[in-house]
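Here is what each chain is made of, one letter per residue.
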Amino acid sequence: MDIKKKDIRALTKEQLREFFEKEGDKAFRGNQVYEWLWSKGAHTFEDMTNLSKETRQMLEDNFVINHIKVDVMQRSSDGTVKNAVRLHDDLIVESVLIPTKTRTTACVSSQVGCSLDCKFCATSRLKRMRNLNPDEIYDQVVAIDRESRLYFDRPLSNIVFMGMGEPLMNYNNVLKAIEKITSPEGLAMSPKRIVVSTSGVPKMIKKMADDNVKFKLAVSLHSAIDEVRTSIMPFNATFPLADLREALVYWYQKTKNRITYEYVVWEGINDKRKDVDALVQFCKFAPSKVNIIEYNPIDDGEFQQAKSEAIDMYKNVLEDNNITVTVRRSRGKDIDAACGQLANKE
Ligand code: SAH
């Protein structure tokens, strides 16, 4: 990479227009280049065939296009696809395409590694190296959209920010990426089909509510008892459940958007009646639903998925309390592509 040249994708459309005007060309060229970069996903200036040779050369002399590269692509026996994505500085993140009968979901990363230390998550074993730029997040989505069209004959339909990293610790860039994903000049996807999943950063949840965002919110709860939650998500000591709860109530009041709680039930950790009762109480603060997700073992066997009786107890008690609950199977386990398994093993 040429360090003197600027990444052209860091420029807004307005800045591109100004650049061309300063070069004595028409501002309109800025729109053309912007379209190449974002709607058409051009990775070289050479690709921009409606620009003159001179213009392309002039861009080449001034800028680089720092795009991602899908390094390794693995396909699971259940159709799930995992991409190892190489960034311009050779760091790697992973993203996953999850096909079902009716939809294709992209699970994308927001950071290289993660600064949180959830005891059950493989990504937490990696040091957080840096935040992803908006375009690095956007590119993961574009790559999966292409794969979806290629392998499943349909465009991408949903996006979840459940890959590597904590999206709310890289909020500005995640927001910019979502703006591009939802803009007509990007992928024109509906924000209602995007879920941002967080371990729960109260201040940022409130900020999101103030920003009046239109995407959906999921919170990785895993326990509604502080002591238990802190033991598996040490981060909870800094942001205890009372603060989280207050932020979630604020979120609901502002957005009127129901919250999804993601929840894994582990043997001997949160598989007792008191754990379910605490969850039921927590669910009453703001309209919500619970997704019970299967535990995907990571190496050392410290955590075990709870017995099916415990999962049934959760389902029954939640339903008795009129709380919507779904129990979800994992996808892509054979290629380490399931929740919490992303750790750049390859
Ligand atoms: N940092 C964000 C997004 C990444 S994790 C968050 O915490 O929400 C995506 C989801 O996978 C979270 O709900 C997380 O708790 C869950 N998860 C992590 N490790 C897991 C594992 N080994 N098995 C099942 N789910 C896991």
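Residues numbered from 1 in each chain as written. Predicted model: local features only at pLDDT ≥ 70, side-chain atom pairs only at ≥ 80, totals over all residues. Heavy atoms only, no water.

**A short note on the UniProt feature "binding site: S-adenosyl-L-methionine" (unreviewed entry) in the chain**
Taking the UniProt record as the reference, the feature "binding site: S-adenosyl-L-methionine" (unreviewed entry) is found at Gly165, Glu166, Ser197, Ser220, Leu221, His222 and Asn296. Lining the largest cavity, from this annotated set, are Gly165, Glu166, Ser197, Ser220, His222 and Asn296. Along the chain, serine 197 falls in strand 10 (residues 194-198). Not counting residues within four places of it along the chain, the set of residues in contact with serine 197 comprises Phe161, Met162, Glu166, Pro167, Ala218, Ser220 and Glu262. At 2.9 Å, the side chain of serine 197 and the side chain of glutamate 262 are in polar contact. Structurally, leucine 221 can be placed in the loop between strand 11 (216-220) and helix 7 (226-232). If sequence neighbours within four positions are ignored, leucine 221 has contacts with Arg229, Met233, Leu241, Leu244, Tyr261, Glu262, Tyr263, Leu279 and Phe282. (UniProt positions renumbered as here; feature names shortened; annotations may be inferred. 1 Å grid on protein atoms, 1.4 Å probe; cavity = no way out; pocket = protein on both sides within 12 Å on 5 of 7 lines; lining within 4 Å. Helix = DSSP H or I, 4+ residues; strand = E, 2+ residues; numbered from the N terminus. Contact = heavy atoms within 4.5 Å. Polar contact = N/O pair within 3.5 Å; in protein donor to acceptor, adjacent residues only side chain to side chain.)

**Section: the site of the ligand**
Neighbouring the ligand are 21 residues, the closest being Phe120, Ser197, Ser220, His222 and Asn296. In the environment of the ligand, a nitrogen atom lies 3.1 Å from a nitrogen or oxygen atom belonging to the side chain of glutamate 166. In the complex, 96% of the free accessible area of the ligand, which totals 540 Å², lies under the protein chains. When atom positions are compared with the pocket grids, the ligand is found to occupy the largest cavity. (Near = heavy atom within 4 Å. Areas by Shrake-Rupley, 256 points an atom, 1.4 Å probe, with all protein chains shown as cover. Sits in = over half its atoms within 2 Å of the grid points.)

**Focus: the pattern of salt bridges**
One pass over the full model with this rule turns up 20 salt bridges. Note that lysine 206 is salt-bridged to glutamate 246, the shortest N-O span being 2.9 Å. One end of the pair, lysine 206, is in helix 6 (residues 202-210); the other, glutamate 246, is in helix 8 (residues 241-255), with 40 residues separating them in the sequence. For glutamate 246, a relative accessible area of 47% translates into the label partly exposed. We note a salt bridge from lysine 315 to glutamate 319, for which the minimum N-O separation is 3.1 Å. Here lysine 315 pairs with glutamate 319, and both are found in helix 10 (residues 308-320), just four residues apart, close to one helical turn. Accessibility expressed as a relative area gives 30% for lysine 315, which makes it partly exposed. Three or more residues are tied together by salt bridges with common partners; here these are Arg9, Asp135 and Asp139. (Salt bridge = Lys/Arg side-chain N within 4 Å of Asp/Glu carboxyl O. Buried < 20%, exposed > 50% of the residue type's maximum accessible area, 1.4 Å probe, protein only.)

**Here's the deal with the UniProt feature "active site" (unreviewed entry) in the chain**
Here, the residues flagged by UniProt with the feature "active site" (unreviewed entry) are Glu94 and Cys339. These annotated residues cover 246 residues of sequence, but their C-alpha atoms sit close together, with the largest distance between any two at 11.5 Å. In the annotated set above, the residues contributing to the lining of the largest cavity are Cys339. Here glutamate 94 lies in strand 5 (residues 92-99). By the secondary structure assignment, cysteine 339 is in the segment after strand 14 (324-328).

**Focus: empty space enclosed by the protein**
The method is simple in principle: a probe with the dimensions of a water molecule rolls over the atoms, and the space it marks as empty is what remains. Enumeration according to the criterion identifies two cavities of 30 Å³ or more in this entry. Approximately 500 Å³ is the volume attributed to the largest cavity. Taken together, 34 residues form the lining of the largest cavity, with Phe120, Cys121, Met162, Ser220 and Gly340 sitting closest to its centre. Of the residues belonging to the lining of the largest cavity, the class tally is 18 nonpolar, twelve polar and four charged. (Points joined across faces, edges and corners; volume = space filled by probe spheres on them. Nonpolar A, V, L, I, M, F, W, Y, C, P; charged D, E, K, R; others polar.)

**Some thoughts on a negative patch on the surface**
A cluster of acidic residues, Glu46, Asp47, Glu60 and Asp61, forms a negative patch at the surface. We classify glutamate 46 as exposed; its relative accessible area is 56%. (Patch = residues over 30% accessible without salt bridge, like charges linked within 9 Å, V, L, I, M, F, W, Y side chains within 5 Å. Lys, Arg positive; Asp, Glu negative; His and termini not counted. Charge placed at Lys NZ, Arg CZ, Asp CG, Glu CD.)

**Focus: the sheet that holds strand 5**
The ten strands are arranged 3-4-5-6-9-10-11-12-13-14 in an open sheet whose pairing can be described as mixed. In this open sheet, the two edge strands, each paired with only one partner strand, are strand 3 (69-75) and strand 14. Averaged over neighbouring strand pairs, the angle between their axes works out to 20 degrees when direction is ignored. Where strand 5 and strand 6 (residues 104-107) come together, four bridges link them in antiparallel fashion. From the neighbouring strand, isoleucine 98 faces strand 6, where its bridge partner is threonine 105. Across the face of the sheet, helix 9 (residues 273-283) comes into contact with strand 12 (259-263) and strand 13 (288-293) while running at roughly 165 degrees to strand 12. (Pairing = 2+ DSSP bridges. Axes fitted to C-alpha atoms, helices over the stretch in contact; angles between N-to-C directions.)

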